[in-house]
Amino acid sequence: MLQTDNLIPDFINKQITQAVMSLRSGNVVAFPTETVYGLGADISQPQAIQKIFEIKGRPSSHPLIVHFANLSELEFWAENIPATAWILAQHFWPGPLTLILTKSNHIPLSVTGGQETVGLRIPRHPIALKLLEQLGSCKALAAPSANRFGFVSPTIADHVKNAFNDKIEVILDGGPCEVGLESTIVSCIDKDVTILRPGGISVLSIENLLQQKVSVKSQNKIRTPGSLSSHYATATPLEICQSSESLFSRSFDLLQQGIRTAVITRSIHLIPMLNSNDKFHYILMPNDPVAFGKDLYATLRKLDDANFERILVEAPPDDLEWLAVADRLSRASYSFTSK
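Note that the coordinates shown come from a computational prediction; the quantities given were computed from them, not determined experimentally.

About the cut-offs
Residues numbered from 1 in each chain as written. Predicted model: local features only at pLDDT ≥ 70, side-chain atom pairs only at ≥ 80, totals over all residues. Heavy atoms only, no water. Core = buried A, V, L, I, M, F, W, Y, C linked by side-chain atoms within 4.5 Å. Buried < 20%, exposed > 50% of the residue type's maximum accessible area, 1.4 Å probe, protein only. Helix = DSSP H or I, 4+ residues; strand = E, 2+ residues; numbered from the N terminus. Contact = heavy atoms within 4.5 Å. Salt bridge = Lys/Arg side-chain N within 4 Å of Asp/Glu carboxyl O. 1 Å grid on protein atoms, 1.4 Å probe; cavity = no way out; pocket = protein on both sides within 12 Å on 5 of 7 lines; lining within 4 Å. Points joined across faces, edges and corners; volume = space filled by probe spheres on them. Nonpolar A, V, L, I, M, F, W, Y, C, P; charged D, E, K, R; others polar. Pairing = 2+ DSSP bridges. Axes fitted to C-alpha atoms, helices over the stretch in contact; angles between N-to-C directions. Parallel < 35°, antiparallel > 145°, perpendicular 65-115°, else oblique. Left-handed = near helix turned anticlockwise from the far one by under 90°.

1. Here's the deal with the nonpolar core
Consideration 1: Judged by nonpolar contacts, the single largest core of 51 residues is most densely connected at Leu99, Leu120 and Ile206.
Consideration 2: Counting residues per element, the ones that place at least two in this core are strand E2 (38-42), helix H2 (46-56), helix H3 (74-77), helix H4 (83-92), strand E5 (97-103), strand E6 (117-121), helix H7 (157-164) and helix H8 (203-210).
Consideration 3: The element that contributes the greatest number of residues to this core is H2, accounting for 5 residues.
Consideration 4: Those residues in contact with Ile206, other than ones at most four positions away along the chain, are Leu88, Phe92, Leu97, Thr184, Val186, Ile195, Ile201 and Val214.
Consideration 5: Ranked by size, the runner-up nonpolar core spans 22 residues in total, among them Tyr232, Leu303, Ala324 and Leu329.

2. So, the pattern of salt bridges
Consideration 1: Using the criterion set out here, one finds 10 salt bridges in the structure.
Consideration 2: One salt bridge connects Glu182 with Arg328, and the closest N-O pair in it is separated by 2.8 Å. Taken together, the residues Glu182 in the loop between strand E8 (170-171) and strand E9 (184-187) and Arg328 in helix H11 (residues 323-332) connect sequence positions 146 residues apart. Residue Glu182 shares its accessibility class with Arg328, and that shared class is buried.

3. Some words on empty space enclosed by the protein
Consideration 1: For the structure on display, the rule yields 2 cavities of 30 Å³ or more.
Consideration 2: Of the pockets and cavities examined, the largest cavity occupies roughly 250 Å³.
Consideration 3: Lining the largest cavity we find 27 residues, and of these Ile65, Pro144, Ser145, Glu182 and Arg197 sit closest to its centre.
Consideration 4: Grouping the constituent residues of the lining of the largest cavity by class yields 10 nonpolar, 11 polar and 6 charged.

4. Quick notes on the pairing of strand E10 (residues 194-197)
Consideration 1: The pairing of E9 with E10 spans 3 bridges and is classified as antiparallel. Each residue of the ladder has a partner; that of Val186, found in E10, is Ile195.
Consideration 2: Hairpin connection of E9 to E10: 6 residues between the antiparallel strands, including Asp190 at a positive phi of 60°.
Consideration 3: Sheet topology places E10 next to strand E11 (residues 215-216); 2 bridges connect them, and they run parallel. Bridging from a neighbouring strand, Ile195 pairs with Val216 of E11.

5. Quick look at the packing of helix H10 (residues 289-305) against H11
Consideration 1: Axis separation between H10 and H11 bottoms out at 9 Å; the angle between their running directions is 30°. Overall, the two elements H10 and H11 adopt an arrangement that is roughly parallel. H11 is crossed by H10, and the crossing has left-handed handedness. In this structure, H10 contributes Pro289, Phe292, Gly293, Leu296 and Tyr297 to the contact, and H11 contributes Val325, Arg328 and Leu329.

This is a description of form; function is not addressed.
Encoded structure:
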C-alpha cells in the first residue's frame, strides 16, 4: 500500500479532514485520482449518492465506481471473487484498474444502476488514498468523474471548479492527473476476463500478467461507466481524420469555408505547412500513447475554451497501445460522425 503521510502537505491534510466531515454530513466532494478527478459520496448515504446523479445530470441507470483503500477489504465489497481478479488486484492496485465483480450486500443498487455487479478500484493518488483511509474501515466512495455527464473528464482542479464550484463544498486540489485517462475496466464475471473499457492499464500489460489473451468488448450486457457511444465529448464538434494527408486536406477545406479550426496532430512533418492565425490553430501532441493520453483531456478543454468551430484530430495508430486513446476519441467524435 502506498504510504501517504509524507507525500501530502499539512494544508492539504487539513482540507482532507474537512472533506471527510463533509462526506459524513451527506455532501459530495471532488478529489484527485491518478486517472481523472472524481466526484465522491459516502456509499452508505443514499441522499449523497442521489446528489451525484443530480449534480452531473447522470442517468440513474449509469453505474458508479466504488473506490476503497485496502485490498484486505475486497471481500467486504464483492462476492465470488475468481483467482484472476485477485491476481489483477494484487498486481495493479493501487492503480488505474477497475474490476467488475459480483457485488456484496454492502453496496446499494443505486450505485450499480440496479445491477448485481459492481466496479471496484483502489486509486493510486496519495490524496485519494488518504481521504479513503480517514473515512474509515470498510468505508468507500461511490465516484464517477467530476464533470457534467457525457463531456470531457477533468484532469486539474480548475476543470471541476469551472463546472461545479457552486455545487460542491470541498474540491481537493492534487495537481494535474498522472494518467489523464480513466481506469481500465475489466470484467471478471463468470471466470471470463474481458476488457469493457480500455484505460490507464494497457491490454498487453494485463495479458502479460495473466499469460493469456483477453477479449475487448465495447458493448456488453454489463453496463459500465463511459460505455455510451457518445461520451467524453467536447462542446466543439470533433472530427477524426484517418491520416496526416487527410488531416491537412480537411483543414484546408474548412479554412476555405471560413470555419475557425483547431488541429491536433502527431505528425511533425505537417508543421511547416500549418500556420496559426486567427482562424486556425494547431497543437503538436506526443507520438507516445501514454504521454498523448495524459495531455488529451486538458488539450480538448483548452480548445473548447478558445471557441473554435471545429476540432480535427489525426487518428491514432491502429494498435493495442493506443486503444484507450482511440476509444476516447471515437466516443468524443460520435455526435459529429453519426450525423
